[in-house]
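A closer look at the structure
Chain residues, written in single-letter form:
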Amino acid sequence: MALNSEAPWDLFCPNDYVKRNYASPLDVDKQIVRLVGEHFTDHFGGRHQGPVKGVDVGAGANLYPALCMLPWCSEITLLEKGPKNLDYLREQAQNGFDPAWDAFWDELAYSHPRYKAVHGERHERLRQVAEPREGDLLELGGSAERWGVGAMFFVAESMSSSGEEFRTAVDHFLGVLEPGAPFAAAFMLQSEGYEVGAYEYPAYAVDQPAVAGALEPLAQNVAYHELDFVLREGHEGMLLALGFRRTG
């Protein structure tokens, strides 16, 4: 068993990760952002309320969860353990994100008017609201801070080969959301681990029942979208869970 604390997160290379996964946008990722944008729009779009605080736990070198939250948030915490990933997030947020991420933004803006309404100020808006912050999801359970919308993409099952750590990660993610807050969480199904650069990283093999079992104690009204797409050898597809933090 490989625990999260044993993985070489200090050596995780964000440039290699982005090049492999996001430099040429995949149809499955476009589908994911459309579904997440619709979920958040359905919740926030017709409500007369001010912007909320958002969080992306284990943000890594992936900006599209933050872009999905952008119209709805006064601040977005990008919680990340890896120092090189933190440097990447800070550079992207403060200096204007790379053109590769515009393909994901364009998918949101094309599909949902509230995203299109902030299209011209998307770089400045991200600079104003994004807050990359060092943090370990497995140590988040004692936090008193709460967020009004959350994202967790390919994190809980991709940080350890321990089932206990997987369930702890899911529990901590939902535990820091306000009651009723919408969330989006994505998982690699039956992952055996993965490589970034010259290093190997652990994973815990999950299926939809395992994900649902981990979410159920603190989530409600969850819709599951199983995405039949294999990115690399060693997994069997993806699962997107869209739901809400339990209110009672």
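The structure this text deals with has already been given above.
Per chain, residue numbering runs from 1 following the sequence as it is written. With pLDDT at 70 or above as the cut-off, local features in this predicted model cover only qualifying residues; side-chain atom pairs require 80 or more to be listed or tallied, and sums for whole chains, interfaces and linings still use all residues. Here the side-chain values reflect all heavy atoms present in the structure, with hydrogen atoms and water set aside.

Moving on: the overall build of the protein chain. Helix and strand content of the protein chain: nine helices and nine strands. Against the 2.2 N^0.38 benchmark of 18 Å for 248 residues, the protein chain shows a C-alpha radius of gyration of 17 Å, consistent with a compact globule. Partly exposed residues are those whose accessible area sits between 20% and 50% of the maximum for their type, while under 20% is buried and over 50% is exposed, using a 1.4 Å probe and protein chains only. Out of the 248 residues in the protein chain, the part that is buried amounts to 54%. Residue contacts follow a heavy-atom distance rule, with two residues in contact if any of their heavy atoms lie within 4.5 Å. Partitioning the intrachain contacts of the protein chain with sequence separation of at least 6 by distance along the chain shows that 74% fall at a separation of at least 24. The protein chains shown are the only cover counted for residues, whose accessible areas, like all others here, come from Shrake-Rupley with a 1.4 Å probe. For the protein chain, the exposed area adds up to about 10,700 Å²; of that, 46% sits on carbon and sulfur atoms. Neither His nor the chain ends contribute to the count of charged residues, in which Lys and Arg are positive and Asp and Glu negative. Charge coordinates come from a single atom per side chain, which is NZ of Lys, CZ of Arg, CG of Asp or CD of Glu. Charge separation in the protein chain, taken as the distance between the mean sites of 20 positive and 37 negative side-chain charges, equals 7 Å. Helical segments are the DSSP runs of H or I of at least four residues, strand segments are the runs of E of at least two, and each set is numbered from the N terminus. Computation of the radius of gyration draws on C-alpha atoms alone. For the globule rule, the value is 2.2 Å times the number of residues to the power 0.38.

Each axis is a line fitted through C-alpha atoms, and for a helix only the stretch in contact is used; angles between axes span 0 to 180 degrees, taken between their N-to-C directions. Where helix 1 (residues 14–21) contacts helix 4 (residues 83–95), the axes come no closer than 9 Å and their chain directions differ by 70 degrees. Looking at the two axes, helix 1 sits roughly perpendicular to helix 4. Residues P14, N15 and V18 of helix 1 form the contact with helix 4, whose own contacting residues are K84, N85 and Y88. Class assignment for the residues of the contact of helix 1 with helix 4 results in three nonpolar, two polar and one charged. Should an angle lie under 35 degrees it is considered roughly parallel, over 145 roughly antiparallel, and from 65 to 115 roughly perpendicular; all remaining angles are considered oblique. Amino acid classes used here: Ala, Val, Leu, Ile, Met, Phe, Trp, Tyr, Cys and Pro are nonpolar; Asp, Glu, Lys and Arg are charged; the rest, including Gly, are polar.

Residues separated by three or four positions in an α-helix point in the same direction, a consequence of the helix having 3.6 residues per turn. The complete set of buried residues in helix 9 (residues 208–215) reads V211, A214 and L215. Summarising the axial view, the buried residues of helix 9 lie within an arc of 95 degrees, below the 170-degree limit, and thus occupy one face. Under the rule applied, a polar contact is a pair of N or O atoms within 3.5 Å (in protein, one hydrogen donor and one hydrogen acceptor; residues adjacent in sequence only if both atoms are side-chain atoms). Structurally, the start of helix 9 carries an N-cap: the backbone nitrogen of A210 is 3.0 Å from a side-chain oxygen of D207. The arc in question is the one traced by the directions running from the helix axis out to the C-beta atoms.

This next bit is on the nonpolar core. If you look at the biggest cluster of nonpolar residues, it comprises 86 residues, and the most contacted ones within it are F40, W101, M152, F153 and F187. Considering every element that reaches this core, the biggest residue donor is helix 2 (residues 27–44), with seven residues. When sequence neighbours within four positions are dropped, the list of residues in contact with F153 reads I32, V36, N62, Y64, P65, A184, A186 and L240. Residues enter a nonpolar core if they are buried and are Ala, Val, Leu, Ile, Met, Phe, Trp, Tyr or Cys, with the set joined through side-chain atoms within 4.5 Å.

Contact geometry for helix 8 (residues 163–175) and helix 9: axes closest at 9 Å, N-to-C directions at 45 degrees. On the basis of the axis angle, helix 8 is oblique to helix 9. Crossing geometry of helix 8 relative to helix 9 is assigned as right-handed. On the side of helix 8, the interface is formed by F166, R167, V170 and L174, while helix 9 contributes A210, V211, A214 and L215. Looking at the contact of helix 8 with helix 9 residue by residue, the classes come out as seven nonpolar, no polar and one charged. The sense of a crossing depends on the near helix, which, turned anticlockwise from the far helix by less than a right angle, makes the crossing left-handed and, turned clockwise, makes it right-handed.

Burial of strand 5 (residues 182–188) is extensive: seven of the seven residues sit out of reach of the surface. Assignment of crossover handedness uses the view with strands pointing away from the viewer, where a clockwise path from the first strand over the helix to the second indicates a right-handed crossover. In this region the chain leaves strand 4 (residues 149–153), passes through helix 8 and returns to the parallel neighbour strand 5; the handedness of that crossover is right-handed. A pair of strands is considered paired only if DSSP assigns at least 2 bridges between the two. The pairing of strand 5 with strand 9 (residues 238–245) spans seven bridges and is classified as antiparallel. Its bridge partner lying in strand 9, F187 is registered against L239.

The subject of this paragraph is the pairing of strand 4. The two faces of the sheet receive side chains in turn, since in a regular strand these alternate between them. Among the five residues that make up strand 4, five are buried, leaving the element largely enclosed by the rest of the structure. Strand direction decides the pairing type here: strand 1 (residues 52–57) and strand 4, joined by three bridges, are parallel. In the sheet register, D56 faces strand 4, and the bridge partner there is A151. Where strand 4 meets strand 5, four bridges bridge the pair, whose relative direction is parallel. Across the sheet, residue G150 finds its bridge partner in strand 5, namely F183.

Within the element layout of this structure, H112 appears in the loop between helix 5 (102–111) and helix 6 (113–116). A distance of 3.2 Å separates a polar side-chain atom of H112 from the backbone oxygen of R34. Only 3.3 Å separates the side chain of H112 from the backbone nitrogen of E38, close enough to count as a polar contact. Residues contacting H112, with those up to four places away along its chain left out, are R34, G37, E38 and T41.

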